[in-house]
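Structural features, examined
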Amino acid sequence: MKRILCFTLLLFSFTSLSAQVRFAPEFGYNSASVSGKINGQSVDTKRVPGFKAGFFTEIPLVKALVLQAGLSYSRKGYRETIDELATNGQVQMKLTGDIKTKIGYAELPVNLVYKVYMGLEDTGSCFMFFAGPYVGRVLHGRTKGVIQAFQTNAGIGIMHTYNIDESTSAGNDPDFNNIRPWDVGLNIGVGYEFAFGLVVRGQYGLGLSNSFPGGSPSNSMRTSNMSLSLAYLIP
């Protein structure tokens, strides 16, 4: 009888908790870049647009505090502009170009969310403030762009154009790879949840790990991403 009672109580508790756990598909817009150092020189790239699509589950912890964990596909990357001039005697080389790298990640974020409700009841609309870690795995990537080299020698000029279109290689060998396969970072953000389940939220994600293959203090690369997304919490 005691075993049956314990099993019943356990089943009731699990059912009650499951009834409170909610699932939400999510879609959003990304604006990403990287920053760091190459051969000791600071490098800042421009942002490129991307997107994310996935889902998260919301697990209640205590009043106004929930845990959100999810899985998403996130397109990030960066843009490089080249404008360099090199001189060697009478020979000058002017390099200009625009190169975009887009990288697709599978990301697992886990956020602690604090909700500030607008009404007297906890079933109404609320503001959300959240933060938490994420882990990302590179799935694929591609670099495209054009570089123009204008060389002058004793007043005679020659223009060379190079088209770049190559896949991104993930690994930890700087001679063969473009980026490390794993990215670990931190997300912070704010949002608003409507009473009927729609969630609008913005977040900033900062990579904490060095994404440069064979990274060192003089060679480092860290991702950053701003995103705006919509989700719908299914009761």
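Here the residue numbering is sequential within each chain, running from 1 through the sequence in written order. Owing to the predicted nature of the model, reporting of local features is limited to residues with pLDDT of at least 70; listing and counting of side-chain atom pairs is limited to 80 or more, with chain, interface and lining totals taken over all residues. The side-chain figures draw on all heavy atoms in the structure; neither hydrogens nor water molecules are used.

Quick notes on the packing of aromatic side chains
Pairs were defined over the aromatic rings of Phe, Tyr and Trp, the Trp ring being its six-membered one, requiring ring centres within 6.5 Å. Orientation was assigned from the angle between planes: stacked under 30 degrees, edge-to-face over 60, tilted for the rest. Under the defined criterion, the tally for this structure stands at 5 aromatic pairs. Here the aromatic rings of Phe-51 and Tyr-73 are separated by 5.7 Å at their centres, their planes lie at 45 degrees, and the arrangement is tilted. A residue pair is termed long-range when its members are at least 10 positions apart, and Phe-51 in strand S3 (residues 48-62) and Tyr-73 in strand S4 (residues 65-88) qualify at 22 residues. Burial classes: relative accessible area under 20% of the type maximum marks a residue as buried, over 50% as exposed, and values in between as partly exposed (1.4 Å probe, protein chains only). According to the relative accessible area criterion, Phe-51 is partly exposed, its value standing at 38%. Seen in terms of ring centroids, Phe-127 and Tyr-192 are 4.9 Å apart; in terms of plane orientation they differ by 70 degrees. Their pairing is edge-to-face. Placement of the pair is Phe-127 in strand S6 (residues 126-153) and Tyr-192 in strand S8 (residues 182-193), with a sequence separation of 65 residues. Note on geometry: a ring has a charge over it if NZ (lysine) or CZ (arginine) is within 6 Å of the ring centre and within 35 degrees of the ring normal. Sitting over the face of the ring of Tyr-105, Lys-76 holds its NZ or CZ atom 5.4 Å from the ring centroid. Secondary structure is summarised from DSSP: a helix means a run of H or I of at least four residues, a strand means a run of E of at least two, and numbering begins at the N terminus for each.

Observations regarding the nonpolar core
A general tendency of soluble globular proteins is for nonpolar side chains to be buried together. Core analysis: the largest hydrophobic core is formed by 10 residues, namely Ala-24, Phe-56, Val-66, Val-113, Cys-126, Met-128, Phe-130, Val-199, Ala-231 and Leu-233. For this core, the element with the highest residue contribution is S6, accounting for 3 residues. The residues contacting Cys-126, other than those within four sequence positions of it, are Lys-115, Val-116, Tyr-117, Met-118, Gly-191, Tyr-192 and Glu-193. Take the buried residues of types Ala, Val, Leu, Ile, Met, Phe, Trp, Tyr and Cys, join any two whose side-chain atoms come within 4.5 Å, and each joined set is a nonpolar core. In terms of nonpolar packing, the next biggest core, distinct from the first, is built from 8 residues, Val-138, Ile-179, Phe-212 and Met-221 among them. Residues are treated as being in contact if the distance between any of their heavy atoms lies within 4.5 Å.

Notes on the environment of Gly-40
Tracing the sequence through the fold places Gly-40 in the loop between strand S1 (22-38) and strand S2 (41-44). Among the residues examined, Gly-40 registers a relative accessible area of 38% and is labelled partly exposed. With 178 residues separating them in the primary sequence, Gly-40 and Ser-218 have C-alpha atoms 4.3 Å apart.

Digging into the pattern of salt bridges
Throughout this description, the term salt bridge denotes a Lys or Arg side-chain nitrogen within 4 Å of a carboxyl oxygen of Asp or Glu. Scanning the entire structure with this criterion turns up 10 salt bridges. Among the ionic pairs, Asp-98 bridges to Arg-79, the shortest N-O distance being 2.6 Å. Placement of the pair is Asp-98 in strand S5 (residues 91-117) and Arg-79 in strand S4, with a sequence separation of 19 residues. Residue classification places Arg-79 among the partly exposed residues on the basis of a relative accessible area of 29%. As a salt-bridge pair, Glu-193 and Lys-115 come within 2.7 Å of each other at their nearest N and O atoms. Of the two residues, Glu-193 is situated in strand S8 and Lys-115 in strand S5; the sequence distance between them amounts to 78 residues. Each of the two residues, Glu-193 as well as Lys-115, counts as buried. The network of salt bridges with common partners includes Arg-22, Glu-58, Lys-115 and Glu-193.

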